[in-house]
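# Tertiary structure, described
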Amino acid sequence: MLARLDQLAIAFSGGVDSSLLLYAAVQALGPERVLAVTSASETYPERERLAAEQVAREIGAPQLVIHTEELAIPGYAENPINRCYFCKQELFTQLVAVAQERGIRHVAFGAIADDEGEFRPGLMAAREKNVLAPLQKAQLIKREVRFLAHALGLSNWDKPSLACLSSRIPYGHRITREILSQVDQAELFLLQLGFRQVRVRHHGDVARIEVPPEDRVGILDLTALITEKFQALGYHHIALDLNGYRSGSMNAGLPLVVTGANGQP
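Residues numbered from 1 in each chain as written. Predicted model: local features only at pLDDT ≥ 70, side-chain atom pairs only at ≥ 80, totals over all residues. Heavy atoms only, no water.

An unreviewed UniProt entry lists the chain under the name TIGR00268 family protein, from Sulfobacillus thermotolerans.

Shown next, in the form of structure tokens:
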């Protein structure tokens, strides 16, 4: 599929999915016909943008950093269940405009086959903007993506999954810069302690920590240290989720009709 395209702009987050797509595009088309576009966003940690820039350099792809302000998008800060639709609509609108300015006819992003079975409102925004999903079309699942990334020597092949910081806030609860910063600092602290896959779900003055089951004992061993830091950040109560880390846990209470594979509420 990629070899048939003349040029391609890729929404590049620096995660393993978009990294594999970027690598494949550079190999198929050459770096001069590929552009990695990364969003510097208030809903993603700055460290993620810096990591994305490093991976783009390793792959040898030209990169452009654009700026998006999700909280300024009408309807986004209110945190409706289709919040991701507003975010991706803004991202793809900017990405398509950037591509058109440079004479690039095709735009793609790193959706994979697994995304079709989850609640992903952003998929609808991609379809509306005719954004391609080559990995999804190839029916690649996450395990296969990581295997290929490892085999091809991508440095981030085992990078933990990451979603925007807004996903830590329950639907219907307003998103603010202060909350995003609070969550970011809490998660960064856990990462600095050596935990790789973490989520700090924000429930007002309660922080609910999600880590893989094998890391729960490690969290408990550091209870005093974590409690002191989290209380300094403004959390009065700190809880460890006994179910462990799971992607999209904030979707658990949504009706089945909402969480269907088509990504539409």
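### Re the pairing of strand 2 (residues 34-41)
Counting buried positions over the eight residues of strand 2 gives seven, a clear majority of the element. Note: strand 1 (residues 8-11) against strand 2, four bridges, orientation parallel. Directly across from alanine 11, in strand 2, lies its bridge partner valine 37. In this fold, strand 1 hands off to helix 1 (residues 16-29), which returns the chain to strand 2; that crossover is right-handed. (Buried < 20%, exposed > 50% of the residue type's maximum accessible area, 1.4 Å probe, protein only. Helix = DSSP H or I, 4+ residues; strand = E, 2+ residues; numbered from the N terminus. Pairing = 2+ DSSP bridges. Right-handed = clockwise from strand over helix to strand, strands pointing away.)

### Some details on the sheet that holds strand 4 (residues 106-108)
Reading across the sheet, the four strands line up as 3-2-1-4 and stay open at both edges, with parallel pairing between neighbours. With partners counted over all chains shown, the strands left at the sheet margins are strand 3 (63-68) and strand 4, one partner each. Taking each pair of neighbouring strands and ignoring which way they run, the sheet shows an average axis angle of 25°. As paired elements, strand 2 and strand 3 share six bridges and run parallel to each other. Across the sheet, residue valine 37 finds its bridge partner in strand 3, namely leucine 64. Of the strands in this sheet, strand 1, strand 2 and strand 4 touch helix 1, which is tilted by about 165° from strand 1. Against the sheet, helix 2 (residues 46-59) makes contact with strand 2 and strand 3, and its axis sits at roughly 160° relative to strand 3, the strand it touches most. (Axes fitted to C-alpha atoms, helices over the stretch in contact; angles between N-to-C directions. Contact = heavy atoms within 4.5 Å.)

### A word on helix 9 (residues 223-233)
Quick reminder: α-helices carry 3.6 residues per turn. Residues three or four places apart thus point the same way. Within helix 9, the full set of buried residues consists of Ile226, Phe230 and Leu233. Seen from one end, helix 9 has its buried residues packed into an arc of 50°, which puts them on one side. Turned more than 90 degrees off the buried face of helix 9, the exposed positions are Ala224, Glu228 and Ala232. Those residues of helix 9 that are buried are in contact with helix 7 (177-192), strand 5 (199-203), strand 6 (206-210), helix 8 (216-221) and strand 7 (237-240). Remark: glycine 234 follows helix 9 within two positions and exhibits a positive phi of approximately 115°. (Arc of directions from axis to C-beta.)

### With respect to the packing of aromatic side chains
Overall, the coordinates contain three aromatic pairs when judged by the stated rule. Between phenylalanine 230 and tyrosine 235 the ring centres are 6.0 Å apart and the planes differ by 40°, which places this aromatic pair in the tilted class. (Phe/Tyr/Trp six-rings, centres within 6.5 Å; stacked < 30°, edge-to-face > 60°.)

### Some details on the pattern of salt bridges
By the definition in use, this model includes 18 salt bridges. Across the pair glutamate 116 and arginine 127 runs a salt bridge, and its minimum N-O distance is 3.0 Å. Taken together, the residues glutamate 116 in the loop between strand 4 and helix 4 (122-128) and arginine 127 in helix 4 connect sequence positions eleven residues apart. In the salt-bridge network here, residues are joined through shared partners; they are Arg201, Arg208, Glu210, Asp241 and Arg246. (Salt bridge = Lys/Arg side-chain N within 4 Å of Asp/Glu carboxyl O.)

### Comments concerning the packing of helix 7 against helix 9
As a packed pair, helix 7 and helix 9 sit with axes 10 Å apart at the nearest point and diverge in direction by 160°. Of the possible angle classes, the one that applies to helix 7 and helix 9 is roughly antiparallel. Taken as a pair, helix 7 and helix 9 cross one another with a handedness that is right-handed. Facing helix 7, whose interface residues are Gln182, Gln185, Ala186, Phe189 and Leu190, helix 9 presents Leu225, Ile226, Lys229, Phe230 and Leu233. Per-class residue counts for the contact of helix 7 with helix 9 are seven nonpolar, two polar and one charged. (Parallel < 35°, antiparallel > 145°, perpendicular 65-115°, else oblique. Left-handed = near helix turned anticlockwise from the far one by under 90°. Nonpolar A, V, L, I, M, F, W, Y, C, P; charged D, E, K, R; others polar.)

### Side note on the environment of glutamine 100
For glutamine 100, the location among the structural elements is in helix 3 (residues 83-101). The spatial distance from the C-alpha of glutamine 100 to the C-alpha of histidine 236 is 49 Å, given a sequence separation of 136 residues.

### Quick look at the side chain of arginine 83
Structurally, arginine 83 can be placed in helix 3. Lacking a salt bridge, the buried arginine 83 has glutamate 70 as its closest oppositely charged neighbour, with an N-O distance of 9.5 Å. At 2.6 Å, the side chain of arginine 83 forms a polar contact with the side chain of asparagine 79. If we skip the residues at most four places from it in the chain, arginine 83 touches Tyr76, Ser166, Ser167, Ile169, Tyr171 and Ile175. (Lys, Arg positive; Asp, Glu negative; His and termini not counted. Polar contact = N/O pair within 3.5 Å; in protein donor to acceptor, adjacent residues only side chain to side chain.)

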